[in-house]
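# Coordinate inspection notes
Below, each chain spelled out in residue letters.
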Amino acid sequence: MAECPPTATGVTRPALHRLRIRYTKLGRTRFVSARDLGAVFERSLRRAALPIAYSEGFTPHPKVSFPDALPVGTASTGEYAELTFTAPPDLEGDPARLSAALPEGMDVLIAVGVPEGTPKLARLLPAALWELAWPPVDAAELTPLLSRRAKALLAADRAEVTRHRPDGDRILDVRPALLAVVASTRRVPDADDRTVLRAVLRNDGPTVRPSDLVSALARGDVAPPPTIVRVVQGEVLPTGVRDALGGEVEPLVIDVDAEAA
Amino acid sequence: MLGAAPKAGVPPPPPAGRRGRFHAPGDAATEPASMWPVLEGLLASVQRPARYVGGEHNQVVRPWSAAETRWLLCYPDTYEVGQPNQGIQLLYEVLAAQPTALAERAYAPWVDLEEVMREHGLPTFSLETHRPLWAFDVFAVTLPHELGHTNLLTLLDLGGVALHGEQRAPEDPIVLVGGHAAFNPEPLAPFVDAVALGDGEEVTVEIDAVVRAFKQRVYADGGAPTPADRDELLEQLARIPGVYVPALYAPAYHADGRLRRTVPVQPGVPPVVAKRTVQDLESVPLPRRQLVPLTETVHERFSVEIFRGCTRGCRFCQAGMITRPVRERRGDTIRELVEQGVADTGYGEVGLLSLSSADHSQILPLAKGLADTYAGTTTSLSLPSTRVDAFTLGLADELARNGRRTGLTFAPEAGSERMRAVINKQVSEEDLLRTAETAFAQGWRHLKLYFMVGLPTETDEDVLAIAELAVRVLRLARRHGKGNRLTLSVAGFVPKPHTPFQWAVQDPPEELRRKLSLIRHAIKEHRAITVRTNDPEDGVIEGLLARGDRRVAAVVERAWQLGARFDGWQEQPTLPLWRQALADTGLELDWYVARERDLDEALPWDHLDTGLERSWLWEDWLDAQQAQSLEDCRFTGCYDCGVCPGLDLTHDLGVQPPGGAGHG
């Protein structure tokens, strides 16, 4: 095992191996809270017999870190985590080994080693691309309506919405976090069209959730979308968001016929 | 409103009497729809939705059409309380091993989901495939205590199954209960079809075989069962040893309201039903493939039951009385279960479970061996134990090798020597103080001591002895560290059936409150002692249901109608509803809880046999009142409690302890 040089205290510690992953949180696992996610990962890593590193101290915790918390109930194909191992986990070429140990709905899409000096994971994730999909009804009316409102929202300086919480309502401005928003109609073979909204929200700064964006656009006459997906996170480009780990660009404007192809 | 989903309808259950085709074995066309697509859309509006989604590691999903019998195993409390239950997990594996059976699980919906389910017509569902309760053949509910009774009614009602057994349709699920509180099922008698008494491993397989044969017969050639068929099935179940079918028995009362007896109402039904006991625990090394939750539960660890039964003879302890004799799992089997289970589940903690884990004849080599195996890893070992002695402390040190030496828990249960003799908790004050001193000297920082108040013959002097003992322990603690602390946990005693205290008076809440304040007052200047108590009113419902008779069923139903749910939860203060229900049904609470019974009075559970001789229990009750203690029969010889000869059983210890002098 590779070893670090002795520290000032003379204790030799094994070199740690950091790995960053992009993973999904779909199906039933979208209801797993951020609070429970650490334990889900810890047990999955232990089941896969991966050499997970633990913190020192009285109550050792597995070195698994998440840059932020996805709201409970929201699905994602763009979750990220940093895992630390005491030996090379050999997952880069074979992320399926970890996927197999994770619950159904959670799959590792990309795993990359982290060279020394790489910026913190959160700094690689300045923004997220979100997709909000409505049921296959009213698309002919709903898409143009949301398009108009989206353009108006982008043109405005402020857009205050009320977030309802058990401990009291809170008013916040969604505009500073909103980088782009586009409504379009997705055609699905053998089914009615559905309205899809894609938006890019900044991760840094005050948290604005996609549900807040819905509040700004729905204005009481549009039903909340039943599915919200965090598609990907990373660098913002004029055309979309570039996956921080894989490098592929997820477009803001969906190819309406792609699904039919 | 644009973009609103068409209201996702739950198909209403077919009317009772027309559900037969869903029960017919082996036909894909009879598969009831999964409720998941509807439930999924509603979960955003409830707390902790991960409770309801399933998807755990080691869940077993078998195709509906491939099974001949379909069981829904239930723990009538929230998922996070019920999921770790070993009994459910054990029976889940027993049924999974039956090639023709299918078993899924259900837990009680929290009150917010219940409201949503009623609004949307969503039935009680299974966790694995979200299928409705009414489509299963057996609804098997464990009753670890009495405070899930109202939740059982909620689950039946939401599940499309009539509350009263006599109103059920022929094809409806058989409502089967088991577990410790099922040893007095009378307050639930109208609502349950059958009760399995004692260990479930073998009887479950026998029940499954009877249900399977029944289904093969009644569903042959597109047929469906008739009401007479259901009656016959119940009679067949009543012929299985250990199965009690309440509808086949009737209570008779004296004019003054006391019970005269409970007797079979038809020939061929056994007058007394004896519990089932698995003599050889080695024959069922389960649960092996334990379920790993996706959300936090009350016990997150891989648990192995290291022995079943207890003969310490604590007179308040129902579990110790009804699970005799002692049957130990062998060290090699335990090791194998732990090592395989830790690797399979990914749990970081191992629990060695039993009623008094330090009493396993091989506990020290076992604990040392496991501590060696996991030395230097992040896997920790825990051993719930109530024994207070040097041996237990040595064990705790062994187990703490890998982890923290923060908290150590002992249960002296009573403060005075006299009171401990009454309850037969055999630990002297000298031992206790010595053990506490050693613990603090070895570096433990925090001691938790468990006590009860409201015990039979208790005086204020006995109550104050708890505080005096605590202060003495604290003085010792302080000698070894200024920051050392002590927590007293004091609970109100609730007399339970099948124990020597089954004849005793339960203290009313105001009396418990007074006794607790005596303790608080006596230690109030010692800020390093924390006192934890339950609400003295908590034990009222428990006491009523623990020793209630069949008439109390009307109170259960009324309290449930008035809205009682999750009676054990602080968030759900349901006692006013129960008081209202008692008033509405004309029953008197104190008659059930605060009345001393005498030997001549029939008890509602007299026809249910744990093996304990009633005369032995009575003698032990008399001994208790004279503060006469009784040694553990494992080490000092048989005192004729009746279990071993009566049920043709023996203690099963891997190794006989030398000289019968305990483990020393």
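Residues numbered from 1 in each chain as written. Chains lettered and ligands numbered in written order. Predicted model: local features only at pLDDT ≥ 70, side-chain atom pairs only at ≥ 80, totals over all residues. Heavy atoms only, no water.

Looking now at the pattern of salt bridges. Residues and elements named next belong to chain B. Tallied over the entire structure, the rule returns 70 salt bridges over all chains. When the shortest N-O distance is used, the salt bridge between Arg105 and Glu128 registers 2.9 Å. A residue pair is termed long-range when its members are at least 10 positions apart, and Arg105 in strand β2 (residues 101-107) and Glu128 in the loop between α5 (111-120) and β3 (138-142) qualify at 23 residues. The two residues Arg105 and Glu128 agree in class, both being buried. One salt bridge in this structure joins Asp193 and Arg230, with 2.9 Å as the shortest N-O distance. On the criterion of sequence distance, the pair formed by Asp193 in the loop between β4 (174-178) and β5 (194-196) and Arg230 in helix α8 (residues 227-238) is long-range, its members being 37 residues apart. Of the two residues examined, Asp193 and Arg230, each falls in the buried class. Sharing partners across several salt bridges, the network here consists of Glu458, Asp460, Asp507, Glu511, Arg514 and Lys515. (Salt bridge = Lys/Arg side-chain N within 4 Å of Asp/Glu carboxyl O. Helix = DSSP H or I, 4+ residues; strand = E, 2+ residues; numbered from the N terminus. Buried < 20%, exposed > 50% of the residue type's maximum accessible area, 1.4 Å probe, protein only.)

The next subject is the nonpolar core. Residue and element names in this part refer to chain B. With 109 residues, the main nonpolar core has Trp71, Phe139, Ile207, Leu237, Leu544 and Trp578 as its most contacted residues. Residues in contact with Phe139, not counting those within four places in the same chain, are Leu72, Cys74, Leu133, Leu152, Leu155, Leu156, Pro173, Ile174, Val175 and Leu176. Judged by nonpolar contacts, the second largest core, of 37 residues, contains Val388, Ala400, Val471 and Leu476. (Core = buried A, V, L, I, M, F, W, Y, C linked by side-chain atoms within 4.5 Å. Contact = heavy atoms within 4.5 Å.)

This brings us to unusual backbone geometry. Residues and elements named next belong to chain B. Omega for the bond connecting Leu286 with Pro287 falls within 30 degrees of zero, at -5°, which places this linkage in the cis form. A cis amide bond, omega -5°, links Arg324 with the succeeding residue Pro325. Structurally, the position occupied by Pro325 is in the loop between α9 (318-322) and β12 (327-328). If you check the backbone angles, Asn58 has positive phi at about 80° while not being a glycine. Mapped onto the secondary structure, Asn58 falls in the loop between α2 (36-42) and β1 (69-75). For Asn58, a relative accessible area of 9% translates into the label buried.

Here we take up the sheet that holds β1 of chain B. Residues and elements named next belong to chain B. In space, the six strands of this open sheet follow the order β2-β1-β3-β4-β5-β6, with mixed pairing throughout. Every interior strand has two partners, whereas the edge strands, β2 and β6 (243-244), have only one. Pairing between β1 and β3: four bridges, direction parallel. Bridging from a neighbouring strand, Leu72 pairs with Phe139 of β3. In the packing of helix α7 (residues 200-218) onto the sheet, contacts are made with β1, β2, β3, β4, β5 and β6, and the angle to β1 comes to roughly 140°. (Pairing = 2+ DSSP bridges. Axes fitted to C-alpha atoms, helices over the stretch in contact; angles between N-to-C directions.)

The next subject is the confidence of the model for chain B. Detailed reading of the predicted coordinates is not advisable wherever pLDDT falls low. Averaged over chain B, the pLDDT score is 93; the fraction of residues at 70 or greater is 97%. Ignoring residues within four places in sequence, the model shows residues 657-664 of chain B, a span with pLDDT below 50, making eleven contacts including any to other chains. (pLDDT = per-residue confidence, 0-100.)

Interfaces are frequently sized by the accessible area removed from exposure as the parts join. At the interface, 36 residues of chain B touch 27 residues of chain A. Interface of chain B and chain A: buried area, both sides summed, is about 2,600 Å²; carbon and sulfur atoms make up 59% of it. Summed over the shared surface of chain B and chain A, the number is three salt bridges. Residue Glu296 of chain B is joined to Arg35 of chain A by a salt bridge in which the shortest nitrogen-to-oxygen separation is 2.5 Å. Taken together, the elements giving at least two residues each to the side of chain B that touches chain A come down to α2 and α10 (331-345) of chain B. Counting residues per element, the side of chain B that touches chain A draws most heavily on α10 of chain B, at four residues. Taken together, the residues that form the side of chain B that touches chain A break down as 17 nonpolar, 13 polar and six charged. (Buried area = accessible area lost by both parts, 1.4 Å probe. Nonpolar A, V, L, I, M, F, W, Y, C, P; charged D, E, K, R; others polar.)

All names here are of chain B. Here strand β7 (residues 249-253) pairs with strand β8 (residues 259-264) via five bridges, running antiparallel. When the sheet's bridge partners are listed, Tyr249 is paired in β8 with Pro264. The antiparallel pairing of β7 with β8 creates a hairpin that spans five residues between the two strands, and Gly257 there sits at a positive phi of about 100°.

With that settled, the discussion passes to the domain arrangement of chain A. All names here are of chain A. Its domain assignment divides chain A into domain 1 (17-122) and domain 2 (125-251). Once you take the C-alpha centre of each, domain 1 and domain 2 turn out to be 26 Å apart. Taken residue by residue, the interface counts 18 residues in domain 1 and 14 residues in domain 2. Taken together, the two surfaces of domain 1 and domain 2 that pack against each other cover about 1,300 Å², and 55% of this comes from carbon and sulfur. Summed over the shared surface of domain 1 and domain 2, the result is three salt bridges. Of the charged contacts in the structure, one is a salt bridge between Arg230 and Glu79, with a shortest N-O distance of 2.9 Å. At the junction of domain 1 with domain 2, the criterion picks out 16 residue pairs in polar contact (both at pLDDT 80 or more). Among the elements of the structure, β1 (17-25), β3 (75-85) and β4 (108-113) are those that each provide at least two residues to the side of domain 1 that touches domain 2. Here the side of domain 1 that touches domain 2 takes six residues from β3, the largest share from any one element. (Domains from an automatic or database assignment. Polar contact = N/O pair within 3.5 Å; in protein donor to acceptor, adjacent residues only side chain to side chain.)

Moving on to the packing of aromatic side chains. Centre distance and the angle of the planes are the two values used to describe a pair of aromatic rings. For the structure shown, the criterion picks out 15 aromatic pairs over all chains. When the centroid spacing of 5.1 Å and the interplanar angle of 85° are considered together, the rings of Phe22 of chain B and Trp134 of chain B count as edge-to-face. One end of the pair, Phe22 of chain B, is in helix α1 (residues 20-23); the other, Trp134 of chain B, is in the loop between α5 and β3, and 112 residues separate them in sequence. By relative accessible area, which is 5% here, Trp134 of chain B ends up buried. With a centroid separation of 4.5 Å and an interplanar angle of 50°, the aromatic rings of Trp110 of chain B and Phe566 of chain B are classed as tilted. Of this pair, Trp110 of chain B sits in the loop between β2 and α5 while Phe566 of chain B sits in the loop between α18 (552-561) and α19 (575-585), and the two are 456 residues apart along the sequence. Of the two residues, Trp110 of chain B and Phe566 of chain B, neither departs from the other in class, the shared state being buried. Ring-pair connections join several aromatic residues into one group, and the members of that group are Tyr23, Phe41 and Phe66 of chain A. Directly above the aromatic system of Tyr92 of chain B lies the positively charged group of Arg105 of chain B, at a separation of 5.0 Å from the ring centroid. A cation sits over an aromatic face here: Arg595 of chain B above Trp591 of chain B, 3.9 Å from the ring centre. (Phe/Tyr/Trp six-rings, centres within 6.5 Å; stacked < 30°, edge-to-face > 60°. Lys NZ or Arg CZ within 6 Å of the ring centre and 35° of its normal.)

The subject of this paragraph is the sheet that holds strand β14 (residues 380-382) of chain B. All names here are of chain B. Strand order across the open sheet formed by three strands is β10-β13-β14, with parallel pairing between neighbours. Of all the strands in the sheet, just β10 (302-305) and β14 have a single pairing partner and so form its edges. Along the sheet, successive strands turn relative to each other by an average axial angle of 20°, direction set aside. In terms of strand pairing, β10 meets strand β13 (residues 349-353) through four bridges, oriented parallel. Pairing of Val304 across the sheet is with Leu352, part of β13.

The subject of this paragraph is the state of the cysteines. Note on terminology: a disulfide is the covalent bond linking the sulfur atoms of two cysteines. Going through the model one piece at a time under the given rule, you end up with zero disulfides over all chains. There is no disulfide at Cys317 of chain B, and the cysteine sulfur nearest it, in Cys314 of chain B, is 6.1 Å away. (Disulfide = S-S within 2.5 Å.)

Right, let's get into α10 of chain B. Residues and elements named next belong to chain B. With 15 residues, α10 should reach 21 Å at 1.5 Å per residue; the first-to-last C-alpha distance of 21 Å fits that figure. Within α10, burial applies to Thr333, Ile334, Leu337, Val338, Gly341, Val342, Asp344 and Thr345. Across the axial projection of α10, the buried residues extend over an arc of 165°, all falling on one side. (Expected span 1.5 Å × (residues − 1). Arc of directions from axis to C-beta.)

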